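Descriptive structure summary
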Amino acid sequence: MPSVSVKLYSVFFKLILRHKLQSLLHQAQAQALAAADETTQFGITCRPDESTAPANPTFGPDGVATKDIHVDPLSSLSLRLFLPDTSLARRSNGHAPDGTPTTGTPTTGTPTAGGTYGGYLPSPSTRRRSAGSRKLPVILQFHGGAFVAGSNTSAANDFFCRRISKLLDVIVVAVGYRLAPESRYPAAFDDGVKVLNWLGKQANLAECSKSLGSTKGSGSGDVMRSQIVDALGASAVEPWLAAHADPSRCVLLGVSCGANIADFVARKAVEAGKLIEPVKVVAQVLMYPFFAGTVPTHSELKLANSYIYDKSLCILAWKLFLPEENFTLDHPAANPLAPNRGPPLRYMPPTLTVAAEHDWMKDRAIAYSEELRKVNVDAPVLEYKDAVHEFATLDMLLRTPQAQACVDDIAIWVKKYISIRGHEFSY
């Protein structure tokens, strides 16, 4: 059984969440939010009553620098990037591995270990020597919060992403998707797909910048660069990604309702195929997915009043997120095995599912994993005993041994698919 402190925390957590959900439901009903409303289109990614952790572009004690980006001027969609200092490991004191100095065009800072890092774009004359700049896998992370709360900049999510970035040696892109009821389905799901496409555009822009760098002195380079940027629908090259990201090793990681978004993005990536190159989704991690359905499973009957998120709270959240007309828990956003929810499962990427013993939603997540395995997709399940929903990502539980063990287990599995040396790790 969960500890006494977790039980007490769960009681207060559910009281506060229920009050928030009911207030939002009354607000939505009173205001009759319309899809054409300008505020609804822009949306929000963080509620004013929730604390956030500021971005810090300095490699601190944990060795991870962060920065925030607003990527869509037409909505509140935003990102927080997490860059580990290991990305600079092969460029000690500005020198390449062979001892020759490496110089580049600084943007907002220079790559100095222990200091502020702005990233850089190598100049043509030093591009070969700048190969010491490590290319790291990219993890797109989607936070939890029942679609109506939480943010990519919350203290808990910031801590979790820092831990993931450092442990797996990856760039984490935490997605600040639009929240309900201000932005109902499919806003959050569309935001996830938009970020995946944005990652591909950034990779293409970086390559274009390198190619056009040699023409800068001809008088037409700057014009061509501007035209290409506009054609790709982006304002500028993101230097951290240009210098260090390897989008061909992209992993989707979703927490709670974020797992629903991650799985949707994975499906869209499969459907897009080569259209999103050079991005390639090599795996996904679904941490206690927020799955539901109209026909109850054993855990949904037995654990309906479970810790942290019980069934009644989740139903309220779904009512705030899904379209009001024809409401059903068999909606494709809720039920991963809903009919006609393409593409065929055999094309899905390897999928690790994290489940908690005292989570009422666990059976449906496990059933989805079983269906993936039936079509030969690598889809293991890690079920943790005496664990509650979000046991590895809630602020109170982040530093528990169980939370650390969960992240360690995720790292072991993910490294099979992001290692450039092949699948030397195995479960």
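Overview of the pairing of strand β7 (residues 245-255)
- Among the eleven residues that make up β7, ten are buried, leaving the element largely enclosed by the rest of the structure.
- Of the strand pairs in this sheet, β7 and strand β8 (residues 281-287) are connected by six bridges, and their pairing is parallel. Counted as the bridge partner of G254 is L286 from β8.
- Crossover β7 to β8 through helix α7 (residues 257-272) is right-handed.

A few points about the nonpolar core
- Counting residues in hydrophobic clusters, the biggest one holds 119 residues, and the most contacted among them are M287, F290, W318 and F391.
- Per-element tally for this core: the top contributor is helix α11 (residues 401-418), with nine residues.
- Setting aside residues no more than four positions away along its own chain, F290 makes contact with A146, F147, S256, C257, N260, Y309, C314, A317, W318, A334, M361 and H389.

Topic: the packing of aromatic side chains
- For the structure on display, the rule yields 17 aromatic pairs.
- On the numbers, 3.9 Å between centres and 5° between planes, the contact of F147 with F321 is stacked. Residue F147 is found in the loop between β5 (136-142) and α3 (155-168), and its partner F321 is found in helix α9 (residues 311-321); the two are separated by 174 residues along the sequence.
- Judged by its relative accessible area of 1%, F147 falls in the buried class.
- Consider the rings of F189 and F264, whose centres lie 5.0 Å apart with planes at 80°: the pair is edge-to-face.

Regarding the sheet that holds strand β9 (residues 351-356)
- Here we have eight strands laid out as an open sheet, ordered β1-β2-β6-β5-β7-β8-β9-β10, and mixed in their pairing. Pairing within the sheet leaves two strands with one partner each, and these edge strands are β1 (64-70) and β10 (381-384). Averaged over all neighbouring strand pairs, the angle between strand axes comes to 20°, with direction disregarded.
- By the bridge criterion, seven bridges tie β1 to strand β2 (residues 78-84) in an arrangement that is antiparallel. When the bridges of β2 are listed, V64 appears paired with P84.

Re the packing of α3 against α11
- At their nearest, the axes of α3 and α11 sit 10 Å apart, and the two run at 45° to each other. When the interaxial angle is binned, α3 and α11 end up oblique. In this structure, the crossing between α3 and α11 has a hand that is right-handed. Contacts between α3 and α11 involve F160, R163, I164, L167 and L168 from the former and A403, Q404, V407, D408, A411, V414, K415 and I418 from the latter.
- Taken together, the residues of the contact of α3 with α11 sort by class into nine nonpolar, one polar and three charged.

Here's the deal with helix α10 (residues 362-374)
- End to end, α10 covers 19 Å across 13 residues, agreeing with the expected 18 Å (1.5 Å per residue, within 8%).
- Taken together, the buried positions of α10 are K362, R364, A365, I366, Y368, S369 and L372.
- Here the buried face of α10 lies against α7, β8, α8 (298-302), β9 and β10.
- Phi for N376, located one or two positions after α10, is positive at around 70°.

Considering the confidence of the model for the protein
- Taken residue by residue, the protein gives an average pLDDT of 84. The fraction at 70 or more is 79%.
- Overall, residues 33-39 carries pLDDT values under 50, and its contacts beyond four positions in sequence, including any with other chains, amount to seven contacts.
- Low confidence marks residues 90-113, where pLDDT is under 50. Its contacts with residues over four positions away, or in another chain, come to 46 contacts.

A closer look at the pairing of strand β6 (residues 171-176)
- Most of β6 is tucked away, with six of its six residues classed as buried.
- Side chains I171, V173 and V175 project from β6 onto one buried face, and the interleaved V172, A174 and G176 project onto a second face that is buried too.
- Relative to β6, β2 is paired through five bridges, and the arrangement is antiparallel. In the strand pairing of β6, L79 is matched with V175.

Let's talk about the layout of surface pockets
- Here the largest pocket is characterised by a volume of approximately 700 Å³.
- Lining the largest pocket are 26 residues, and of these F13, E50, G150, L394 and D395 sit closest to its centre.
- Taken together, the elements giving at least two residues each to the lining of the largest pocket come down to α1 (4-31) and α3.
- No other element matches α1, which puts six residues into the lining of the largest pocket.
- Along the lines of polarity and charge, the residues of the lining of the largest pocket split into twelve nonpolar, nine polar and five charged.

Remarks on α3
- Here α3 contains 14 residues, and its C-alpha end-to-end distance of 20 Å stays within 8% of the 20 Å for a straight helix at 1.5 Å per residue.
- Of all 14 residues that make up α3, ten are buried, and the element is covered over most of its length.
- Every buried residue of α3 is accounted for by A156, N157, D158, F160, C161, R162, R163, I164, S165 and L168.
- In the segment just after α3, D169 is the residue with positive phi, at about 60°.

Topic: the side chain of R341
- On the secondary structure map, R341 appears in the loop between α9 and β9.
- Side chain to side chain, R341 and D263 meet in a polar contact 3.1 Å long.

Thresholds applied
Residues numbered from 1 in each chain as written. Predicted model: local features only at pLDDT ≥ 70, side-chain atom pairs only at ≥ 80, totals over all residues. Heavy atoms only, no water. Buried < 20%, exposed > 50% of the residue type's maximum accessible area, 1.4 Å probe, protein only. Helix = DSSP H or I, 4+ residues; strand = E, 2+ residues; numbered from the N terminus. Pairing = 2+ DSSP bridges. Right-handed = clockwise from strand over helix to strand, strands pointing away. Core = buried A, V, L, I, M, F, W, Y, C linked by side-chain atoms within 4.5 Å. Contact = heavy atoms within 4.5 Å. Phe/Tyr/Trp six-rings, centres within 6.5 Å; stacked < 30°, edge-to-face > 60°. Axes fitted to C-alpha atoms, helices over the stretch in contact; angles between N-to-C directions. Parallel < 35°, antiparallel > 145°, perpendicular 65-115°, else oblique. Left-handed = near helix turned anticlockwise from the far one by under 90°. Nonpolar A, V, L, I, M, F, W, Y, C, P; charged D, E, K, R; others polar. Expected span 1.5 Å × (residues − 1). pLDDT = per-residue confidence, 0-100. 1 Å grid on protein atoms, 1.4 Å probe; cavity = no way out; pocket = protein on both sides within 12 Å on 5 of 7 lines; lining within 4 Å. Points joined across faces, edges and corners; volume = space filled by probe spheres on them. Polar contact = N/O pair within 3.5 Å; in protein donor to acceptor, adjacent residues only side chain to side chain.

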